[in-house]
Protein chains: 2
Amino acid sequence: MREFKRRSRVLLIDDNADHLRGVKELITLESCYDVVGTTTSANIGINLAKKYRPDIILMDINMPEKDGLQAIQEIEKLDLGIRVIALSGYDDADLIFRAMKIGAKGYVLKTMASAQLIYAMDEVAAGKIYLPTALTSRFFEYFQNSFKEETKISSEENLLTYLTAREEEVLDLLTQGNNYKSIAGKLFISETTVKTHVNNIFQKLQVNDRTQAVLYALNNGFANRRLSKIAV
Amino acid sequence: MREFKRRSRVLLIDDNADHLRGVKELITLESCYDVVGTTTSANIGINLAKKYRPDIILMDINMPEKDGLQAIQEIEKLDLGIRVIALSGYDDADLIFRAMKIGAKGYVLKTMASAQLIYAMDEVAAGKIYLPTALTSRFFEYFQNSFKEETKISSEENLLTYLTAREEEVLDLLTQGNNYKSIAGKLFISETTVKTHVNNIFQKLQVNDRTQAVLYALNNGFANRRLSKIAV
DNA sequence: CGAATTATCAATCCAAAGATGTAGGACAAA
DNA sequence: TTTGTCCTACATCTTTGGATTGATAATTCG
């Protein structure tokens with residue numbers, strides 16, 4: 001067993017050269033991380049990431065040339081196990097949300113104390129995900145808001161509640177693209193029975209055909225409630 | 001201007017009477033909150049919430065009788081501005097995620113130090129959302145995971161890209177539940193033309209009927225890319 | 001220009017879906 | 001026991017949907 005663990009390697013990407021230099025100094029002097037590269041270009045950064053395989057990348061996400069979020073996404077897609085911490089000047093909830101959604105392991109404001117940056121790196125290096133408390137609160141406000149509308153919709157009268165258990169089973173199979181024969185086979189009942197159920201479903205959901213029934217089901221939280229209004 | 005702010009009022013809901021008593025004592029003795037009610041029943045709790053309008057509710061979400069999450073949802077639906085903190089014995093990522101999704105303003109483990117509970121209440125009373133750091137990390141792992149699959153899918157070959165502009169228009173109308181006649185009317189073309197397009201769509205998407213085509217479209221980011229695999 | 005793609009329309013045929021009415025048995029609530 | 005709901009099933013009929021073939025005009029592209 002090794003007694004010491006390898007010093008974690010860090011890559012810095014920030015279009016602001018001054019800030020880049022400052023962060024490099026900070027890390028070099030006051031932490032146990034090795035800076036393996038610095039660049040002001042997101043594209044170059046991605047290439048450096050492939051080349052040097054750092055453990056951590058500090059990525060400024062407010063860059064004019066190339067979107068930092070996109071860069072994070074590309075790095076995540078490489079699937080090299082590189083953990084990216086987003087650096088930003090803004091505590092904008094939407095930015096935080098998007099960064100975390102695409103896989104950032106942390107989000108730190110440039111205005112925060114340098115100790116906090118080091119701490120974030122420590123946490124992330126340890127495999128955790130780190131968000132400063134203030135930003136976490138911001139994130140959750142945004143997060144919960146994005147579901148509020150949805151909740152409102154689904155708390156309106158939902159015609160799905162009128163369906164019997166059996167009808168729900170049938171509808172479930174409909175939402176998987178099955179036809180009458182297939183449903184009959186899966187439920188071990190005759191095709192005509194399925195037709196009866198499906199017709200009853202149409203009546204209850206006030207639709208004219210199976211496609212509309214399926215759409216109603218999906219849009220009103222049937223079974224796999226996977227709809228959210230979240231988009232990157 | 002008032003110099004002192006009103007002491008915040010708290011309602012406790014926990015099916016475990018012992019724990020309930022313990023928490024009540026803790027809050028009464030060691031915090032500045034008024035316990036306005038305690039109950040072991042989620043249903044009664046909801047009624048007490050309506051009656052006493054507490055500022056905060058501590059809600060055990062691991063109750064056999066009635067699901068605590070559901071109770072939170074109902075309280076949120078009341079829209080009385082009551083801020084609910086979920087209490088749980090488990091740091092299960094899925095539980096945490098669902099609690100936060102439906103609007104819990106905090107999530108605290110029963111095993112945590114009592115000081116942490118008080119702190120959480122302070123934060124929540126101040127209008128923030130509070131999650132212990134360890135649970136935040138858990139939450140984000142789950143959160144990011146739920147988007148990983150999606151990213152993977154959308155980066156795989158998407159048969160939708162083979163569709164022509166006109167076919168996309170037709171498919172769009174299909175995903176709105178239109179039949180041939182309706183689509184023909186909306187695009188000012190004959191029904192047979194629509195049939196041709198639809199058949200070509202089937203070929204390209206490798207499906208057998210319109211329902212499957214619609215499902216493929218929705219699951220592969222057609223138009224409204226709002227699908228995520230998150231479920232309550 | 002010539003070739004390929006696309007959008008349009010038609011005829012035909014068969015299969016599937018949808019509408020409607022009827023009915024027996026199981027089961028639970030009143 | 002009666003009433004009602006639910007699940008099952010069938011017959012019949014109409015409409016819609018889907019497959020196939022073929023054809024014309026417009027557009028795009030090399």
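Scroll up to find the structure.
Residues numbered from 1 in each chain as written. Chains lettered and ligands numbered in written order. Predicted model: local features only at pLDDT ≥ 70, side-chain atom pairs only at ≥ 80, totals over all residues. Heavy atoms only, no water.

Caption draft 1: Structural detail: the overall build of chain A. What chain A contains, in helices and strands, is 10 helices and 5 strands. The proportion of buried residues among the 232 residues of chain A is 48%. Long-range pairs, those at least 24 residues apart, make up 64% of the contacts in chain A with a sequence separation of at least 6. Within the structure as shown, chain A displays about 11,500 Å² of accessible surface, and the carbon and sulfur contribution to it stands at 48%. (Helix = DSSP H or I, 4+ residues; strand = E, 2+ residues; numbered from the N terminus. Buried < 20%, exposed > 50% of the residue type's maximum accessible area, 1.4 Å probe, protein only. Contact = heavy atoms within 4.5 Å. Areas by Shrake-Rupley, 256 points an atom, 1.4 Å probe, with all protein chains shown as cover.)

Caption draft 2: View of the pattern of salt bridges. Residue and element names in this part refer to chain B. Overall, the coordinates contain 20 salt bridges over all chains when judged by the stated rule. When the shortest N-O distance is used, the salt bridge between R21 and D18 registers 3.5 Å. Linking R21 with D18, this pair stays in helix α1 (residues 17-30), spanning 3 residues, or about one helical turn. An identical accessibility class is assigned to R21 and D18; each is exposed. D91 is the salt-bridge partner of R138, the closest N and O atoms lying 2.7 Å from each other. Of the two residues, R138 sits in helix α6 (residues 133-155) while D91 sits in the loop between β4 (83-88) and α4 (93-101), which places them 47 residues apart along the sequence. On the accessibility criterion, R138 (34% relative accessible area) is partly exposed. The class of D91 is partly exposed, set by a relative accessible area of 32%. (Salt bridge = Lys/Arg side-chain N within 4 Å of Asp/Glu carboxyl O.)

Caption draft 3: View of the side chain of R83 of chain A. Residue and element names in this part refer to chain A. In this structure, R83 sits in strand β4 (residues 83-88). Of the polar contacts made by the side chain of R83, one reaches the backbone oxygen of K128; its length is 3.3 Å. Apart from residues lying up to four places away in sequence, R83 is in contact with D55, I56, I57, K105, V124, G127 and K128. (Polar contact = N/O pair within 3.5 Å; in protein donor to acceptor, adjacent residues only side chain to side chain.)

Caption draft 4: How the structure looks around the sheet that holds strand β3 (residues 56-60) of chain A. Residues and elements named next belong to chain A. The 5 strands lie next to each other as β2-β1-β3-β4-β5, forming an open sheet whose pairing is parallel. Looking at strand neighbours, the two that pair on one side only are β2 (34-39) and β5 (106-109), the edges of this open sheet. Ignoring strand direction, the axes of neighbouring strands in this sheet form an average angle of 20 degrees. In terms of strand pairing, strand β1 (residues 9-13) meets β3 through 4 bridges, oriented parallel. Within the sheet, the bridge partner assigned to V10 lies in β3 and is I56. This element, helix α1 (residues 17-30), spans β1, β2, β3 and β4 of the sheet and lies at about 175 degrees to β2. Along the sheet, helix α4 (residues 93-101) makes contact with β4 and β5, crossing β5 at roughly 150 degrees. (Pairing = 2+ DSSP bridges. Axes fitted to C-alpha atoms, helices over the stretch in contact; angles between N-to-C directions.)

Caption draft 5: Region of interest: the packing of aromatic side chains. Evaluation of the coordinates by the stated rule reveals 23 aromatic pairs over all chains. Ring centres of F143 of chain A and F139 of chain B lie 5.3 Å apart, and the angle between their planes is 90 degrees; on these two criteria the pair is classed as edge-to-face. Residue F143 of chain A is located in helix α6 (residues 133-155), and its partner F139 of chain B is located in helix α6; the two belong to separate chains. Residue classification places F139 of chain B among the buried residues on the basis of a relative accessible area of 0%. (Phe/Tyr/Trp six-rings, centres within 6.5 Å; stacked < 30°, edge-to-face > 60°.)

Caption draft 6: Structural detail: helix α7 (residues 165-174) of chain A. Those residues of α7 of chain A that fall on the buried side of the exposure criterion are E167, V170, L171, L173 and L174 of chain A. Seen along its axis, α7 of chain A keeps its buried residues to an arc of 160 degrees; they face one direction. Buried residues in α7 of chain A make contact with α8 (180-187), α9 (191-205) and α10 (210-219) of chain A together with α10 (210-219) of chain B. (Arc of directions from axis to C-beta.)

Caption draft 7: Inspection of the protein's contact with DNA strand D at higher detail. Looking at DNA strand D, there are 17 residues lining it, with T164, R166 and S190 of chain A together with N199 and R210 of chain B nearest. Within 4 Å of the protein, the contacting atoms of DNA strand D are drawn from sugar and phosphate to the extent of 71%. Between DNA strand D and T164 of chain A there is a distance of 2.5 Å, counted from a phosphate oxygen to a side-chain nitrogen or oxygen. R210 of chain B has a polar backbone atom sitting 2.9 Å from a phosphate oxygen of DNA strand D. Looking at the surface near DNA strand D element by element, the count peaks at 4 residues for α9 of chain A. (Near = heavy atom within 4 Å.)

Caption draft 8: Summary view of the pairing of strand β5 (residues 106-109) of chain B. Residues and elements named next belong to chain B. Burial of β5 is two-sided: the residues G106 and V108 facing one way and the residues Y107 and L109 facing the other way are all buried. Pairing between β4 and β5: 4 bridges, direction parallel. Across the sheet, the residue bridging to L87 is V108, located in β5. Once the chain exits β4 it traverses α4 before rejoining the sheet at β5, and the crossover so formed is right-handed. (Right-handed = clockwise from strand over helix to strand, strands pointing away.)

Caption draft 9: Highlighting the nonpolar core. The biggest cluster of nonpolar side chains holds 103 residues, and the ones touching the most others in it are L58, Y107 and F139 of chain A together with L58, Y107 and F139 of chain B. L160, L173, L174 and V207 of chain B belong to the second largest nonpolar core, which has 23 residues in total. (Core = buried A, V, L, I, M, F, W, Y, C linked by side-chain atoms within 4.5 Å.)

Caption draft 10: Spotlight on the sheet that holds strand β2 (residues 34-39) of chain B. Residues and elements named next belong to chain B. Spatial ordering of the open sheet is given by β2-β1-β3-β4-β5, a layout of 5 strands whose pairing is parallel. With partners counted over all chains shown, the strands left at the sheet margins are β2 and β5, one partner each. If you compare each strand with its neighbour and ignore which way they point, the axes differ by 20 degrees on average. Pairing of strand β1 (residues 9-13) with β2, which is carried by 5 bridges, proceeds in the parallel orientation. Among the inter-strand pairings, L11 is bridged to a residue of β2, identified as G37. α1 rests against β1, β2, β3 (56-60) and β4 of the sheet, and its axis sits at about 175 degrees to β2. Strands in contact with helix α3 (residues 68-78) are β3 and β4; relative to β3, the strand with the most contacts, it is inclined by about 160 degrees.

Function cannot be read off these values alone, since they describe shape.
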